[in-house]
Structure formats: structure tokens, C-alpha cells
Amino acid sequence: MKKVHLSTILALALGSTSFLAQAQTPADLNDLEIAHVAYTADVVDIRYAHLALALSQNPEIHEFARTMIRDHEAVNEQALALLEKLKAQPQDNFLSQKIASDAEGIINELSKLRGEEFDLRYAENELGYHKAVNGLVGDSFIPNIENEEVKSLFEAGYDIFKAHEKHAEMMVKNLQ
Amino acid sequence: MNRRNCLISMCLLVAFATGAVHASGGRITNLKKGIASTHHVIAIEQFRYSSVSLDAALGDKITWKNNDIVPHTATAENGSWDTGELKYGETYSLIVVENMGLYYYCRFHPIMAATLQLVQ
């Protein structure tokens, strides 16, 4: 069960009919729920990054973690500004709750690791996390977002997270 | 002519007199002191530099402009120059000089890289 994390949950959410019977699918979320998921996913990755800055001694990990904080904060700033402009509030939903609760498990796991073991696990989690979120954003969110401004922000965010995924991939290779 | 238009006209006259203004496409040619130099503008968009390999001559001016919502840098691999952090909409310019680093990358996103090619 070591690696049952966001990617698994998202795969379930995207593909399991039994799971769908109990909750909405990502494709059913409205724009404000999608915005809430994205904001939550950003905040979760910022939490992972702060943990990495606290526990890792590896300069490459530090540089990556600082980039995650800088970029995700910038995206959230834009998202909040857009929501304010649209006079809308993001809406909590099943997927945001899953992402947040799953993050607690990952943070507990990472907190027990040190040294190279922490670095590799953090890097692998970043790779898996960005892959999962990118699958969600590219396959479910962008095609279904109705508001053009929100869609445009997600398209910009998608470019950013794809770059993060490549960066994480490079980091994992360097650590192996 | 009102005071504002008068000031604008004076500025343009000074600019032409010093040979500083001649725009053409995405480049601006500077004819100051009879030496033709070019102003290159490199946009940073979607985690790419708009020119991956730019031909530039000594004395040319290069401006980087970040159009992404996240910050970027353009940083010489050999450390000889650095735009510093460029937030959304910010720009940084430098003049091409001898011995400057020609390979550069984004310090925040090392998957982004580009080169300058020195030409005569």
C-alpha cells in the first residue's frame, strides 16, 4: 500500500464505476468546483515543498521545492484574482476532499524519512502527483470548463504543470 | 500644438537626431554614431524562450520579456550575466559584449535553455 496516493485515487475517480456510483466524476464538476480542486492541488504541493525545505539537505531538492512554492503561489494568485473579478467563490467537492486527505497520508509518510530516502520519495511523489494532476486537467477539466477566462487560466496552468512534471522526472533520474 | 504634443515632438526629434529610433518588425535598429546595432526581443512564453538560438552582434541589445504567469530567469551557464527573477510582464535588457556567456537557462526551470550565436 506504500504508493496508493493521488494517482490511484484519480484513476479510481476517472475509471471506476463503483466509485462513480457514490460520487460525481471529475468530468461532472462545474467550473467553481474545478477551481477548488486546482486551488487545493496547488496548496498541497506547496505543503510538500515546505516539508522538503525543512527535511532535505539536497540543493537540487531545495531548488525544486522553492520553484514549486513560487509557481503554485503565482498560479493561485491569478486564480483568486480571476474569481474575484467574476465575483465567484470556489466550491468544495469530493475530489478536493480526496486530494487533501490523501496529502495527509503522504506528508505523514514523508515526515518519517530522512536523507537520500526522503529525497527520492519526495521526487517520486512530485512526479506521480504532477502526472496525475496533468491527466485530470488535460482530460477532464479543460474540455469541460465553460467560462473562457477560467479555461484560459487552466490552459496556462497546464503548461506550467507539464513543465513541473518534466522537471520532476529529471530530478528522479538524477537521484536514482 | 498643445504642451503635451509639443513635448512628444521634441522627444521624437531628439531620438531621430541621435539615431536611436528605427523600428522594423520585431527588431529595432539603432544607427547611433553610424554603427548599426539591433534590438532583439525574446519573449518567454509557455516555458520557452521565443528564440532558441539567436544571432546577435557585439553592441546589440537583447530584451527578455516574461509573458508567463510564473517567474522565470535567463541566466548564463557560466554565471557571467543574469536577468534575475522576471515576474509576469517584467523585462530585462543587456548589451552584447565580448566574452559573455552564450548558453543560458532558467534557474527556476532548468528544462528551459537557449543560446546566443555571436555574428559579425
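See the structure shown above.
Rules and cut-offs
- Residues numbered from 1 in each chain as written.
- Chains lettered and ligands numbered in written order.
- Predicted model: local features only at pLDDT ≥ 70, side-chain atom pairs only at ≥ 80, totals over all residues.
- Heavy atoms only, no water.
- Helix = DSSP H or I, 4+ residues; strand = E, 2+ residues; numbered from the N terminus.
- Buried < 20%, exposed > 50% of the residue type's maximum accessible area, 1.4 Å probe, protein only.
- Contact = heavy atoms within 4.5 Å.
- Polar contact = N/O pair within 3.5 Å; in protein donor to acceptor, adjacent residues only side chain to side chain.
- Nonpolar A, V, L, I, M, F, W, Y, C, P; charged D, E, K, R; others polar.
- Pairing = 2+ DSSP bridges.
- Axes fitted to C-alpha atoms, helices over the stretch in contact; angles between N-to-C directions.
- Parallel < 35°, antiparallel > 145°, perpendicular 65-115°, else oblique.
- Left-handed = near helix turned anticlockwise from the far one by under 90°.
- Expected span 1.5 Å × (residues − 1).
- 1 Å grid on protein atoms, 1.4 Å probe; cavity = no way out; pocket = protein on both sides within 12 Å on 5 of 7 lines; lining within 4 Å.
- Points joined across faces, edges and corners; volume = space filled by probe spheres on them.
- Salt bridge = Lys/Arg side-chain N within 4 Å of Asp/Glu carboxyl O.

Asks: Would you explain the overall build of chain B in this entry?
Replies: From N to C terminus, chain B includes one helix and 10 strands. When the helices and strands of chain B are placed in sequence order, the string is α-β-β-β-β-β-β-β-β-β-β. Across the 120 residues of chain B, 36% fall into the buried class. Here the contacts in chain B between residues at least 6 apart in sequence split such that 44% fall between residues at least 24 apart.

Asks: Please explain the interface of chain A and chain B as it appears in this structure.
Replies: Accessible area lost when the parts come together is the quantity often used to give the size of an interface. Contacts between the two partners involve 16 residues from chain A and, on the opposite side, 11 residues from chain B. At the boundary of chain A with chain B, the tally comes to three residue pairs in polar contact (both at pLDDT 80 or more). Here the side of chain A that touches chain B is composed, by residue class, of seven nonpolar, four polar and five charged.

Asks: In this structure, what is going on with the sheet that holds strand E10 (residues 113–118) of chain B? I would like to understand it.
Replies: The strands making up a sheet are joined through hydrogen bonds of the backbone, oriented either antiparallel or parallel. Residue and element names in this part refer to chain B. In space, the four strands of this open sheet follow the order E5-E10-E9-E7, with mixed pairing throughout. The open sheet has two free edges, formed respectively by strand E5 (53–56) and strand E7 (75–76), since each of these has just one partner strand. Strand direction decides the pairing type here: strand E9 (residues 103–105) and E10, joined by three bridges, are antiparallel. For Tyr103, the partnering residue across the bridge sits in E10 and is Thr115.

Asks: Please explain the packing of helix H3 (residues 31–55) of chain A against helix H4 (residues 59–85) of chain A as it appears in this structure.
Replies: Residue and element names in this part refer to chain A. For the pair H3 and H4, interaxial distance at closest approach is 9 Å and the crossing angle is 155°. In terms of orientation, H3 lies roughly antiparallel with respect to H4. Where H3 crosses over H4, the two elements pack in a sense that is left-handed. Between H3, through Leu32, Ala35, Ala38, Tyr39, Asp42, Val43, Asp45, Ile46, Ala49, His50, Ala52 and Leu53, and H4, the contact on the second element is made entirely by Ile61, His62, Ala65, Arg66, Met68, Ile69, His72, Glu73, Val75, Asn76, Leu80 and Leu83.

Asks: Hey, could you run me through the environment of A:Glu77 in this one?
Replies: Structurally, A:Glu77 is set in helix H4. Along the primary structure A:Glu77 and A:Tyr39 are separated by 38 residues, whereas in three dimensions their C-alpha atoms are 9.7 Å apart.

Asks: I tried to follow H4(A) on my own but got confused; where do I start?
Replies: Given 3.6 residues to a turn, an α-helix orients residues that are three or four positions apart in the same direction. All names here are of chain A. The end-to-end C-alpha distance of H4 is 39 Å, a good match for the 39 Å that 27 residues give at a rise of 1.5 Å each. If you check the start of H4, you find a side-chain oxygen 2.8 Å away from the backbone N of Glu60, and it comes from Asn58. Two residues or fewer after H4 comes Lys87, characterised by a positive phi angle close to 50°.

Asks: Hey, could you run me through the layout of surface pockets in this one?
Replies: Any empty space left between atoms is shown by rolling a water-sized probe over those atoms. Quantified by volume, the largest pocket comes out at close to 200 Å³. Every residue along the wall of the largest pocket is listed here: A:Asp159, A:Lys162, A:Ala163, A:Lys166, B:Gln46, B:Phe47, B:Arg48, B:Ile111 and B:Met112. By residue number, the principal contributor to the lining of the largest pocket is helix H7 (residues 148–175) of chain A, which donates four residues. In this structure, the second largest pocket spans a volume of roughly 150 Å³. Lining the second largest pocket are A:Arg70, A:Glu73, A:Ala74, A:Glu77, A:Gln78, B:Ile69, B:Val70, B:Pro71, B:Lys87 and B:Tyr88. Classifying every residue of the lining of the second largest pocket gives five nonpolar, one polar and four charged.

Asks: Can you help me understand the pattern of salt bridges in this one?
Replies: Pairs can form between side chains of opposite charge whenever their charged atoms are close. All names here are of chain A. What the rule picks out here adds up to five salt bridges over all chains. With a shortest N-O distance of 2.8 Å, Glu104 and Arg47 are connected by a salt bridge. One end of the pair, Glu104, is in helix H5 (residues 94–111); the other, Arg47, is in helix H3, and 57 residues separate them in sequence. For Glu63, the salt bridge goes to Arg66, with nearest N and O atoms at 3.3 Å. Taken as a pair, Glu63 and Arg66 lie in helix H4 at a separation of three residues, close to a single helical turn. Residue classification places Arg66 among the partly exposed positions, given a relative accessible area of 38%.

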